[in-house]
Amino acid sequence: MPIILAIETSSELASVALLRGGSVISRVSSGVRTHSQSVLPMIQELLAEAGIALKDCDAIAFGSGPGSFTGVRTACGIAQGLAFGGNLPVVPVVTLDAMALACHQRHGAAEVLAVLDARMGEVYWAQYRFADGAAPAPVLPPALSAPEAVQPQGAPVACGNGLSAYAEAFAGGGFAEVMPHAEQIAQLAAIALAAGRTVTAAEAQPLYLRNKIAYTQAERRDMAAAKAAEGGA
């Protein structure tokens with residue numbers, strides 16, 4: 001079985017996970033403003049708990065998006081740095097795929113609608129079907145739309161914080177607590193790694209569904225701080 005280190009920071013919840021020998025251990029931290037400071041210490045804790053070094057891993061996985069613009073950039077950048085340092089391949093995993101897998105694992109849903117709050121009155125969403133195997137099969141690909149424009153096929157089980165953020169558009173409810181997590185990122189990355197679906201550190205890229213025209217105040221502060229840090233380096 002492969003050893004995979006996974007990073008997920010696309011929402012308010014930051015998580016890292018280590019998949020090894022078919023079992024997974026993880027750490028979680030909340031607060032999007034502190035993701036960049038919390039991820040590396042959590043990774044160090046996981047590696048120490050497992051008694052291994054970064055070079056012992058077979059791949060680095062990350063939640064590539066969609067999600068917070070700052071968050072997916074953070075995960076991608078950390079994954080690239082670790083992969084360069086360890087000379088390891090990278091496995092980008094779509095965050096909505098990971099949400100669907102979590103919903104399937106926790107609630108036994110065979111048809112899943114993953115809905116992630118995209119802010120600015122919009123949601124990221126996709127629909128999946130589970131049949132043979134652990135990987136979700138896409139029914140409708142990831143998209144960005146107004147909540148009322150989400151049109152699933154059939155009657156899938158819905159999950160994600162988009163349900164609570166825009167409750168009036170999702171009267172059927174669902175499992176709003178299901179969010180992207182590094183544990184499912186690692187599990188899906190193992191499937192992708194076995195199939196040879198990896199990229200180099202230089203090739204790793206976030207998945208953006210929105211052309212970034214407007215930024216939140218927090219994102220503008222983050223970008224300004226990043227530029228200032230680069231200027232002082």
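Criteria and thresholds
- Residues numbered from 1 in each chain as written.
- Predicted model: local features only at pLDDT ≥ 70, side-chain atom pairs only at ≥ 80, totals over all residues.
- Heavy atoms only, no water.
- Helix = DSSP H or I, 4+ residues; strand = E, 2+ residues; numbered from the N terminus.
- Buried < 20%, exposed > 50% of the residue type's maximum accessible area, 1.4 Å probe, protein only.
- Contact = heavy atoms within 4.5 Å.
- Areas by Shrake-Rupley, 256 points an atom, 1.4 Å probe, with all protein chains shown as cover.
- Core = buried A, V, L, I, M, F, W, Y, C linked by side-chain atoms within 4.5 Å.
- Disulfide = S-S within 2.5 Å.

*Asks:* An account of the overall build of the chain is needed here, citing residue identities and associated values.
*Replies:* When its secondary structure is counted, the chain shows six helices and nine strands. Buried positions account for 46% of the 233 residues belonging to the chain. If you take every contact in the chain between residues at least 6 apart in sequence, the share linking residues at least 24 apart comes to 64%. Looking at the chain as shown, the accessible area adds up to about 10600 Å², and 54% of this sits on carbon and sulfur atoms.

*Asks:* Quick rundown of the nonpolar core? Include the residues and the values.
*Replies:* A61, V91, L96, M99, V112, Y128 and C159 are the most contacted members of the largest nonpolar core, which has 35 residues in total. When residues of this core are traced back to their parent elements, those giving at least two are β1 (4–8), β2 (13–20), β4 (59–65), β5 (90–94), α3 (95–107), β6 (111–117), β7 (123–129) and α5 (182–194). Grouped together as the second largest cluster of nonpolar side chains are 27 residues, I7, M42, I78 and V90 included.

*Asks:* Talk me through the state of the cysteines; I want residue IDs and the actual numbers.
*Replies:* Enumeration according to the criterion identifies zero disulfides in this entry. Of all cysteine sulfurs in the structure, the one in C159 sits closest to C103, which takes part in no disulfide; the separation is 4.2 Å.

*Asks:* So what's going on with the environment of V90? Residues and values would help.
*Replies:* Residue placement: V90 occurs in strand β5. Between the alpha carbons of V90 and A79 there is a distance of 7.2 Å; along the sequence they are 11 residues apart. Setting aside anything within four residues of it in sequence, one finds V90 in contact with I60, F62, A79, A83, T198, V199, T200, A201 and A204.

*Asks:* Describe unusual backbone geometry, naming the residues involved and giving the relevant values.
*Replies:* Across residues other than glycine, the phi torsion is negative in most instances, and most of the peptide bonds are trans. Following G65, the chain continues into P66 via a peptide bond in cis, with omega recorded as 5°. Summarising the element assignment, P66 is placed in the loop between β4 and α2 (69–86). At N87, a position not held by glycine, the phi torsion is positive, near 55°. Inspection of the secondary structure assignment puts N87 in the loop between α2 and β5.

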